[in-house]
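Now for the letters of each chain:
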Amino acid sequence: MSVETITTQPFKDQKPGTSGLRKKVKVFETPNYLENFVQCIFDTQHEQPDAPLVVGGDGRYYNRQAIQKILRIAAANGCTRVILGQGGILSTPAASNLIRQHNARGGIILSASHNPGGPDEDFGIKFNTPNGGPAPEKVTEAIYTATLHINRYHTLDEPDIDLDTLGQVLVGDMEVDIVDSVSAYADLMERLFDFDQIRALFQSGFRMRFDAMHAVTGPYAREILENRLGAPVGTVVNGVPLEDFGGGHPDPNLVYAKELADYLFGPDAPDFGAASDGDGDRNMVLGRHFFVTPSDSLALLAANAALAPGYNGNISGIARSMPTSQAADRVAAKLGLPCYETPTGWKFFGNLLDAGKITLCGEESFGTGSDHVREKDGLWAVLFWLNILAARRQSVAEIVREHWRIYGRNYYTRHDYEAVDSTAANELVDTLRSASATLPGQQLGSYTVDYADDFRYLDPVDASVSANQGIRIGFKDGSRIVYRLSGTGTQGATLRVYIEAYEPDPAKHDLDTQQALAELIDIANRLAGIRERTGREAPTVIT
Ligand code: G1P
Ligand code: ZN
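The structure displayed is predicted, hence computed values, not measured ones.

**Student:** Is there a simple way to think about the overall build of the chain in this case?
**Tutor:** Looking only at helices and strands, the chain has 18 helices and 27 strands in total. For 543 residues, the compact-globule estimate of 2.2 N^0.38 gives 24 Å, and the chain sits close to it at 23 Å. Considered along the principal axes of its C-alpha atoms, the chain spans approximately 75 × 55 × 40 Å. Expressed as a percentage of its 543 residues, the buried residues of the chain come to 58%.

Pasting the structure below:
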């Protein structure tokens, strides 16, 4: 094996965000750009060096080229074994599962999640640690610091390998095990959920559509839903992963998964609909003529966890990100379980999951998951829902309404103002932060402010503190307004305003969400001076 050492120079813009390093493909194609970042992973991550490394991605444009380079760099850096998804494909949760199952030294996952793919679109790379989860800040910081000083990387003068044939190949002295991308993940799902019961549900004529959005979950959904659970062929649509996701935006929400939403709200609607994103970690769930908010979904999975064999009697606690609605808190309280409020971003759940403090967790941004892996998991959420539907034999709408009758309804919406001027957005938040001290006790319309602060998280496991995580304004009746700036936007700033009202009265559970929240929305707009500061008359996106 002849290792080549190539002289290189730092790029200075390789700071990984909450979900890794994300840039346009064109940037990744710059000579040495990907190589530098990968070398910095090997220069800084020395845990379990003899354990295998898991590698795979969501199949977007540049996935294959990136993997060939990563394999050569890994071998040149003394990595002994790589576990690679066939064709370079691994969904993010499937990669997390493989890392855990193989006690790996970590994983390199190639994805830009729900961002569009293609030669002019986005690509991304991230390192997951041996627990299977996204690298914590101290790890991403170490990698970033290394990228600022790098002056060489190691690689091999070796040809590309065939990524598509299962089995073992050598890259230099390094073994590469090309494994079926789906089977280990599907087996895990089969251990968590009652597949017999779900199979019986499909046999009874239950109809669903799963929209894979031409992203990574297609092969997973086909194997699990159609092959193992007997759903009719054609249940999975847009099931072939494409390098550009068919030109679409692989984000499962009512805007980008419109085709699915229209079908579920149309005359021929099936019983159940679901979609997942580019790399398979997000999920959207719909019933016939019914949209389930991700916040409600988390609460409902928790309330019904006893119906799934993998969770029956095994829930230690629940966590939700701060802006996620407080519906899950009510379930936790009723079940006598601890409930944690964490900053936005999946990585904050990792410590709680590793410490066994929680079993279920979720975010309002279409992310739900559990301790089965260390990433959110789209298909897992869909199967959890199917398990509940199979056990209860009620419609999605009936199940959610019954949940509201028991726990009350948390009306919830998110208003996004995208690509606003960064200075204006920061000033808006700074002003709210300064004003927050004076708000408690104030009457705003029919709402009395209970507390107002800039959310500060004290991690109960490692005592680390994350400050300035968003402005929370809580009202006496349990309603809330939250303001925060996105950490994933690529243009200017994105202001997110989250509005929530608690309604215990079942007679008022069928209002239109925007109408039910109209007064709070108005308060939120005026309190922050959104129109004056951003020049925007209306949000870019309402969820
Ligand atoms: C968004 C979501 C957040 C999620 C993140 C990564 O981050 O709001 O819940 O964890 O994407 O998928 P934001 O842009 O709000 O910082
Ligand atoms: Zn994703």
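Don't stop here, the text continues.
**Student:** Explanation requested: the pairing of strand 17 (residues 360-363) in the structure shown.
**Tutor:** Regular strands have side chains that alternate between both faces of the sheet. Residues Leu360 and Gly362 point to one face of strand 17 and Cys361 and Glu363 to the other, with burial holding for every one of them. Judged from the three bridges that link them, strand 15 (residues 318-321) and strand 17 form a sheet pairing that is parallel. Looking at the pairing, Ala319 lines up with Cys361 of strand 17. Of the pairings in the sheet, the one linking strand 17 to strand 18 (residues 367-370) comprises four bridges and is antiparallel in character. Bridged to Glu363 within strand 18 is Gly367. Between strand 17 and strand 18, which follow one another and run antiparallel, lie three residues, and Phe366 among them has a positive phi close to 65 degrees.

**Student:** How do you make sense of the site of ligand 1 when you look at a structure like this?
**Tutor:** Near ligand 1 lie 14 residues; those nearest to it are Ser365, Ser486, Gly487, Thr488 and Arg496. The side chain of Glu363 places a nitrogen or oxygen atom 2.7 Å from an oxygen atom of ligand 1. Ser365 is positioned such that a nitrogen or oxygen atom in its side chain is 2.5 Å from an oxygen atom of ligand 1. Starting from 380 Å² of accessible surface for ligand 1 in isolation, the protein chains cover 94%. Counted by class, the shell around ligand 1 contains no nonpolar, seven polar and seven charged residues.

**Student:** Help me understand the coordination of the zinc ion (ligand 2) in this model?
**Tutor:** Ideal geometry at a metal centre gives angles of 109.5 degrees when four donors are arranged tetrahedrally and 90 or 180 degrees when six donors are arranged octahedrally. Taken together, Ser113 (OG), Asp277 (OD), Asp279 (OD) and Asp281 (OD) make up the full set of protein donors to the zinc ion (ligand 2), lying 2.0 to 2.1 Å away. Note that the zinc ion (ligand 2) binds four donor atoms; their angles at the metal cover 89 to 161 degrees, and the shape is irregular. As a motif over one chain, the donors of the zinc ion (ligand 2) read S-x163-D-x1-D-x1-D. By relative accessible area, which is 0% here, Asp277 ends up buried.

**Student:** When you look at unusual backbone geometry in this model, what are you seeing that I'm missing?
**Tutor:** The phi torsion of most residues other than glycine is negative, and most of the peptide bonds are trans. Although it is not a glycine, Ser113 sits at a positive phi angle of roughly 50 degrees. When you line up the elements, Ser113 lands in the loop between strand 5 (106-110) and strand 6 (122-128). Taking the relative accessible area as the measure of exposure, Ser113 reaches 6% and is therefore buried. Residues other than glycine seldom take positive phi values, yet Arg393 does so here, at roughly 50 degrees. Mapped onto the secondary structure, Arg393 falls in the loop between helix 13 (378-392) and helix 14 (396-407).

**Student:** How do you make sense of the packing of aromatic side chains when you look at a structure like this?
**Tutor:** Note on aromatic pairs: each is described by the distance of the centres and the angle between the planes. If you walk through the whole model with that rule in mind, you get 20 aromatic pairs. A centroid spacing of 6.0 Å and a plane angle of 40 degrees characterise the contact between Phe290 and Trp404, whose relative ring orientation is tilted. Residue Phe290 is located in strand 14 (residues 290-292), and its partner Trp404 is located in helix 14; the two are separated by 114 residues in the primary sequence. Each member of the pair, Phe290 as well as Trp404, carries the same accessibility label: buried. Between Trp380 and Phe384, the aromatic rings sit 5.3 Å apart at their centres with planes inclined by 90 degrees, giving edge-to-face as the arrangement. Within this pair, Trp380 and its partner Phe384 are both found in helix 13, separated by four residues, close to a single helical turn. A relative accessible area of 0% places Phe384 in the buried class. One aromatic cluster in this structure is built from Phe11, Phe28, Tyr33, Tyr62 and Phe123. Above the plane of the ring of Tyr407 lies Lys334, whose end atom (NZ or CZ) is 5.5 Å from the centre. One cation-aromatic arrangement involves Arg409 over Trp404; the distance from NZ or CZ to the ring centre is 4.0 Å.

**Student:** Just to check I follow, could you spell out the sheet that holds strand 12 (residues 272-276) for this structure?
**Tutor:** Consider a sheet: its strands pair through backbone hydrogen bonds, and that pairing is either parallel or antiparallel. As summarised here, the arrangement of the five strands in space is 11-10-12-13-14, forming an open sheet in which the pairing is mixed. Bordering the open sheet on either side are strand 11 (236-237) and strand 14, each of which pairs with just one other strand.

**Student:** Just to check I follow, could you spell out helix 4 (residues 92-101) for this structure?
**Tutor:** Counting buried positions over the ten residues of helix 4 gives eight, a clear majority of the element. Looking at helix 4, one finds that the buried residues are Thr92, Pro93, Ala94, Ala95, Ser96, Asn97, Leu98 and Ile99. Phi for Asn103, located one or two positions after helix 4, is positive at around 45 degrees.

**Student:** In this structure, what is going on with the side chain of Gln14? I would like to understand it.
**Tutor:** Tracing the chain through its elements places Gln14 in the loop between strand 1 (3-7) and strand 2 (21-24). You can call Gln14 buried: its relative accessible area is 0%. Here the side chain of Gln14 touches Tyr33 through a polar contact of 2.9 Å, landing on its backbone oxygen. Those residues within four positions of Gln14 in sequence are excluded, and the remaining contacts are Leu21, Tyr33, Asn36, Phe37, Tyr144 and Thr147.

**Student:** How do you make sense of the packing of helix 8 (residues 217-228) against helix 13 when you look at a structure like this?
**Tutor:** A pair of packed helices can be characterised by two numbers: the angle between their axes and the separation between those axes. Relative to each other, helix 8 and helix 13 sit at 20 degrees, their axes nearing to 11 Å. Comparing the axis directions of helix 8 and helix 13 gives the class roughly parallel. Between helix 8 and helix 13 lies a crossing of right-handed hand. Mapping the contact onto sequence places Tyr220, Ala221, Ile224 and Leu225 in helix 8 and Leu379, Leu383 and Leu386 in helix 13. Of the residues that constitute the contact of helix 8 with helix 13, the class distribution is seven nonpolar, no polar and no charged.

Parameters at a glance
- Residues numbered from 1 in each chain as written.
- Chains lettered and ligands numbered in written order.
- Predicted model: local features only at pLDDT ≥ 70, side-chain atom pairs only at ≥ 80, totals over all residues.
- Heavy atoms only, no water.
- Helix = DSSP H or I, 4+ residues; strand = E, 2+ residues; numbered from the N terminus.
- Rg over C-alpha atoms; globule rule 2.2 N^0.38 Å.
- Buried < 20%, exposed > 50% of the residue type's maximum accessible area, 1.4 Å probe, protein only.
- Pairing = 2+ DSSP bridges.
- Near = heavy atom within 4 Å.
- Polar contact = N/O pair within 3.5 Å; in protein donor to acceptor, adjacent residues only side chain to side chain.
- Areas by Shrake-Rupley, 256 points an atom, 1.4 Å probe, with all protein chains shown as cover.
- Nonpolar A, V, L, I, M, F, W, Y, C, P; charged D, E, K, R; others polar.
- Donors = N, O, S within 2.8 Å, 3.2 Å for Na, K, Ca; no water.
- Tetrahedral: all angles 85-135°; square planar, octahedral: opposite > 155°, others 65-115°.
- Phe/Tyr/Trp six-rings, centres within 6.5 Å; stacked < 30°, edge-to-face > 60°.
- Lys NZ or Arg CZ within 6 Å of the ring centre and 35° of its normal.
- Contact = heavy atoms within 4.5 Å.
- Axes fitted to C-alpha atoms, helices over the stretch in contact; angles between N-to-C directions.
- Parallel < 35°, antiparallel > 145°, perpendicular 65-115°, else oblique.
- Left-handed = near helix turned anticlockwise from the far one by under 90°.

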